[in-house]
Amino acid sequence: MKYFLIVILWLNIYSASAQKVANNIDTVYYLLDTTNTTPKDRMWDVGIESQYKYFTVKCPCLKYNSEPTFVYNLKDSGQSISNASLSKIRMVSLPTLIDFAKKTTDLTAQTLCVFYIVEIGKDHEYIVHKTRLLTPRIREASVDFENVTPMPDKKRRNK
């Protein structure tokens, strides 16, 4: 009886831990080459804020008119790869990257994506950074005006 309870307990623990594993994990690679893009076709905003580097697609296409923003920590130097290794990696186009971002930020999505941004570093080497997609947030509308009704002249004199 004791062994039977141990087996039942072990099966329950095993099935509970198996549910934590995501079934559909997609790996998405995007080559970000801002040097070879004409200024009128640039849709990316790249910058550094605090200890993070961010890449924002200037397209309000996510929920709440939010823009897809990918970030990584500057302490993570990334992985340097050669041209031969780069040709083996399947890159996605910008519309496909935006579609994956939409699916990932949708709360009903059943897929989980891991995003990698490939940058061109110094000496024309390719650097792969594992990024995370920021979750869009609801923007609260603030009231910046107030309607004030004028007071009649008779009430002003009585005060």
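Residues numbered from 1 in each chain as written. Predicted model: local features only at pLDDT ≥ 70, side-chain atom pairs only at ≥ 80, totals over all residues. Heavy atoms only, no water.

Draft legend 1. Structural context of the overall build of the protein chain. Counting secondary structure elements, the protein chain contains 4 helices and 7 strands. Reading the protein chain from its N terminus to its C terminus gives the helix and strand order α-β-β-β-β-β-α-α-β-β-α. Split into buried and exposed, the 159 residues of the protein chain put 26% on the buried side. Contacts spanning at least 24 positions in sequence make up 58% of the contacts within the protein chain whose residues lie at least 6 apart. (Helix = DSSP H or I, 4+ residues; strand = E, 2+ residues; numbered from the N terminus. Buried < 20%, exposed > 50% of the residue type's maximum accessible area, 1.4 Å probe, protein only. Contact = heavy atoms within 4.5 Å.)

Draft legend 2. Representation of the layout of surface pockets within the structure. Of the pockets and cavities examined, the second largest pocket occupies roughly 160 Å³. What lines the second largest pocket is E49, Y52, Y54, T56, T69, V71, R132 and L134. Those elements giving two or more residues to the lining of the second largest pocket turn out to be β3 (52–57) and β4 (69–73). Looking at which element gives the most residues to the lining of the second largest pocket, the answer is β3, with 3 residues. Looking at side-chain class alone, the lining of the second largest pocket contains 4 nonpolar, 2 polar and 2 charged residues. (1 Å grid on protein atoms, 1.4 Å probe; cavity = no way out; pocket = protein on both sides within 12 Å on 5 of 7 lines; lining within 4 Å. Points joined across faces, edges and corners; volume = space filled by probe spheres on them. Nonpolar A, V, L, I, M, F, W, Y, C, P; charged D, E, K, R; others polar.)

Draft legend 3. Representation of helix α3 (residues 94–105). The terminal C-alpha atoms of α3 lie 16 Å apart, and with 12 residues this matches the ideal 16 Å at 1.5 Å per residue to within 8%. Within the sequence span of α3, burial applies to L94, L97, I98, F100, A101 and T105. Within α3, the buried residues cover an arc of 160° as seen down the axis, which keeps them to one side. (Expected span 1.5 Å × (residues − 1). Arc of directions from axis to C-beta.)

Draft legend 4. Structural context of the pairing of β3. Note that strand β2 (residues 44–49) and β3 share 6 bridges and pair antiparallel. If you follow I48 over to β3, its bridge partner there is K53. Hairpin connection from β2 to β3: 2 residues lie between these consecutive antiparallel strands, with S50 at a positive phi of about 60°. Bridge count between β3 and β4: 5 bridges; the pairing is antiparallel. Residue pairing in the sheet places T56 in a bridge with T69 of β4. (Pairing = 2+ DSSP bridges.)

Draft legend 5. Structural view of the side chain of T131. Here T131 lies in strand β7 (residues 126–133). Those residues in contact with T131 that lie beyond four places of it in its chain are F55, F70, V71, Y72, F115, Y116 and I117.

Draft legend 6. Quick peek at the pattern of salt bridges. Under the definition given, this model contains 2 salt bridges. With its nearest N and O atoms 3.3 Å apart, the salt bridge here joins K58 to E67. On the accessibility criterion, E67 (25% relative accessible area) is partly exposed. (Salt bridge = Lys/Arg side-chain N within 4 Å of Asp/Glu carboxyl O.)

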